Each structure stands twice: as C-alpha cells, then as structure tokens.
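Residues per chain, in single letters:
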Amino acid sequence: QSLLRTFHHFVDQLRVAGEETLQLYGHQREGGSWVRLLCLDPSRMMRRQFQSFEAAILMSATLRPAAYHQDLLGLEPNRCVYSEHVSGFSADNRGVYLATRVSTAYRDRAAHRQKTGELLRSIIEASPGHTAIYYSSYAMLESLAPLTKKEGVQVLQQTANMRDEDHRFIIDTLQDESQPVALHAVLGGLFSEGVDLPAGCLKTVVVVGPALPPVGVEREKIRDWCEERYGEGFAYAFLVPGMSRVIQAAGRIVRSAEDRGAVVLVGRRFGWRDYRKMLPEDWAVERVEEPALSVAEFWQTADATAVLG
C-alpha cells in the first residue's frame, strides 16, 4: 500500500508537470533503475498559489536580490511592494574581514590546504572565546579541521547524520564559557541556519569559501533554464543560493542588540565583485592581509569601549 501511494503521488505530479520539470532516468548496479522529477523553476506553481491569496507578506534577512525571489516565486511585479529596513544591530558591534590570500576553489584546495589550515588556527588563537568555522562541504571540513587544533581549545565537529543527543551536546557546550570552543560545521547545516544559538556564545565566525551548490547534471540544467528564461544562469543556479548560506552563517554571531563579534570570510572569491556585491550593505567589509590581527584588534577595541562605557 505504501508503494502504491508513493507511485500514485508520483503519477499525479507527472500529470501536472510543465516544461520546467525535467524527467531524469538512471541506473545503479546495486539500486537498480530510477526515475526522478526535477523542478528547474518553481515560479509557475508558486504563482498559482500566490494568486489564490488576497495578500502575502514575505520577510527574511536574506531576501536580496529582490529580482531573484520575484522571478523564482512567480510574484507579479504589479502586486509587489518592497520595503527594506535598516538592521537593528549596530555596525560597530560587528567586524567583517575578507581573507583572500588563499583559494578555496576545488582546483586549489590541495595546494592551499596547509596555508588555509594555518590561517584558521591563527584566527582561533586570536578569538577571546568560542569560534565557529563553517565549511562549504564535509570533505573540506574533514580536510582542514585537523590542522586547526590548539591546546586548551575544545573541538566540536558536526558529522553527517548527527544524532539528536550529539546536537544537544554541542548547543549545551557552547553555552559554557569556561573553556574556548572551536566548532567545525557545514554551511546550510544544523548549526548555520535555523538554529537560535545562545546570545553572545560566539565571539568569531569564520566562513571558508562560498557554499556554491556542487556542479552536476541537475545544477547545470537549472543554470541553462535560468539563463534562457531570466538571463541570470550562474547567479540564480549557483551564486545567490551559495552566498545566502554564507550570510545565514555569519548571522549566528549577532543574536541580540548587545552582542559583538567578528566575521572572517576566507577565500579568494569573496573579493571578486559579483560575490562581494551579494554581501549586506550594512556590513563594513575590510580586506585584510592578516585576519587574525584584525580579529585581535577588533576585540581589544570592543573591550576598551566596554570598559569606558
């Protein structure tokens, strides 16, 4: 019965599928043959839903660029009213630094691994408390995390298929400020999005490379579709989703109006124009030669200001 219900649902979706739905077929030696439906563009289905509403309010700190969300959600331009509000968090409480001397691109990772690991370790040493390091993949995390170990700093590491009790242990450990912690996690995962970390628990957030979706047949088809339909193939298929995850992860640093923290974006691509323009306008971004020194100076200034206050 379960199989029949699943098959019935699949056929129903196939019946209503339009040209934006790609039908994929494959065969695996152990798993056998499979058929999958891939939605290249949800705008047609979403437009129908929004048209049935009298009104809708969409709110998020990552709704930029507006054109991307308007296109893929099927929003009608004549029904849209945009309102962008200044962040309630003081820009002085957040230092944002670009570390572009190393490359995190796939072709460069092996050659830059040692330098990147040393860079991450120096930032952990410069941070006066807990540091969260977010990677674009588990493979990158497992490659670089062992190079960042520092005596006196407890290491917490996200794993695939993490159990609930392990997730809870990490959250509880981050609330304890008696010993510095280095949390190694992935972008788009449990600890970078949708989790409300305790206010002030993180002192520094490091993002290692933009979380661009991996290249493959499905993602290339999405890029081709978006290029033909919207003229923004790479941006819609790769850049916007990847940089949205970066911004979400950086948002873990400031959870209340009193929080302060440093954000370091590691990787050459963060200095490129198309990537940098995706960063929030209220971020005072600095490209620095020695990010660890900048983090240390940020906290020295923050501590001096707190004493004077």
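Scoring rules and cut-offs
Residues numbered from 1 in each chain as written. Predicted model: local features only at pLDDT ≥ 70, side-chain atom pairs only at ≥ 80, totals over all residues. Heavy atoms only, no water. Helix = DSSP H or I, 4+ residues; strand = E, 2+ residues; numbered from the N terminus. Buried < 20%, exposed > 50% of the residue type's maximum accessible area, 1.4 Å probe, protein only. Areas by Shrake-Rupley, 256 points an atom, 1.4 Å probe, with all protein chains shown as cover. Lys, Arg positive; Asp, Glu negative; His and termini not counted. Charge placed at Lys NZ, Arg CZ, Asp CG, Glu CD. Core = buried A, V, L, I, M, F, W, Y, C linked by side-chain atoms within 4.5 Å. Contact = heavy atoms within 4.5 Å. Expected span 1.5 Å × (residues − 1). Bend = angle between axes of the 7 residues up to and from the residue. Salt bridge = Lys/Arg side-chain N within 4 Å of Asp/Glu carboxyl O. Pairing = 2+ DSSP bridges. Axes fitted to C-alpha atoms, helices over the stretch in contact; angles between N-to-C directions.

*Asks:* Please clarify how the overall build of the chain should be interpreted in this entry.
*Replies:* From N to C terminus, the chain includes 10 helices and nine strands. Considered along the principal axes of its C-alpha atoms, the chain spans approximately 65 × 50 × 35 Å. With 309 residues in all, the chain has 42% of them scored as buried. For the chain, the accessible surface area stands at approximately 17800 Å², while carbon and sulfur atoms represent 51% of it. Computed over 35 positive and 39 negative side-chain charges, the separation of the two mean positions in the chain equals 5 Å.

*Asks:* Teacher, can you tell me more about the nonpolar core here?
*Replies:* Most often, soluble globular proteins have nonpolar side chains that are buried together. Grouped together as the largest cluster of nonpolar side chains are 51 residues, with contacts concentrated most on Tyr134, Leu202 and Leu265. The leading source of residues in this core is helix α8 (residues 233–250), at 11 residues. With residues up to four places along the chain from it excluded, the contact list for Leu202 reads His130, Thr131, Ala132, Tyr134, Leu174, Leu197, Arg252, Ile253 and Arg260. Ile133, Ala145, Ala182 and Val264 belong to the second largest nonpolar core, which has 27 residues in total.

*Asks:* I would appreciate a short explanation of helix α4 (residues 109–126) in the present structure.
*Replies:* Because each turn of an α-helix spans 3.6 residues, side chains separated by three or four positions in sequence point in the same direction. Relative to the 26 Å expected for 18 residues at 1.5 Å per residue, α4 spans 24 Å between its end C-alpha atoms, a close match to the ideal helical length. The axis of α4 is deflected most strongly, by about 35°, at Lys115. Of the positions making up α4, those classed as buried are His112, Thr116, Gly117, Leu119, Leu120, Ile123, Ile124 and Ala126.

*Asks:* I keep staring at unusual backbone geometry and nothing clicks. Help me out?
*Replies:* Glycine aside, a negative phi is what most residues show, and trans is what most peptide bonds show. The step from Arg64 to Pro65 runs through a cis peptide bond, and the omega angle for that step is 0°. Along the chain, Pro65 falls in the loop between α2 (43–51) and α3 (66–72). One non-glycine residue, Asn161, adopts positive backbone phi at about 60°. Along the chain, the position of Asn161 falls in the loop between β5 (154–157) and α6 (164–174).

*Asks:* Would you mind going over the pattern of salt bridges with me for this structure?
*Replies:* Going through the model one piece at a time under the given rule, you end up with 16 salt bridges. For Arg15, the salt bridge is made with Asp12, and the minimal N-O distance between the two is 3.4 Å. Here Arg15 pairs with Asp12, and both are found in helix α1 (residues 2–16), just three residues apart, close to one helical turn. The class for Asp12 is partly exposed, based on a relative accessible area of 28%. Each member of the salt-bridge network shares a partner with another, and the members are Arg64, Glu84 and Glu281.

*Asks:* Even after reading the chapter, I still don't get the sheet that holds strand β4 (residues 131–135), so can you show me in this structure?
*Replies:* What holds strands together in a sheet is hydrogen bonding between their backbones, with the strands either parallel or antiparallel. Sheet architecture is open: seven strands sit in the order β5-β6-β4-β7-β8-β3-β9, paired in parallel fashion. Of all strands in the sheet, those bounded by a partner on one side alone are β5 and β9 (285–287). Across the sheet, the mean angle from the axis of one strand to that of its neighbour is 20°, orientation sign disregarded. The pairing of β4 with strand β7 (residues 204–208) spans five bridges and is parallel. Looking across to β7, one finds that Tyr134 is bridged to Val207. Relative to the sheet, α4 contacts β3 (94–99), β4, β6 (181–186), β7 and β8 (261–266), its axis offset from that of β7 by approximately 170°. Running at roughly 145° to β5, α6 makes contact with β5 and β6 of the sheet.

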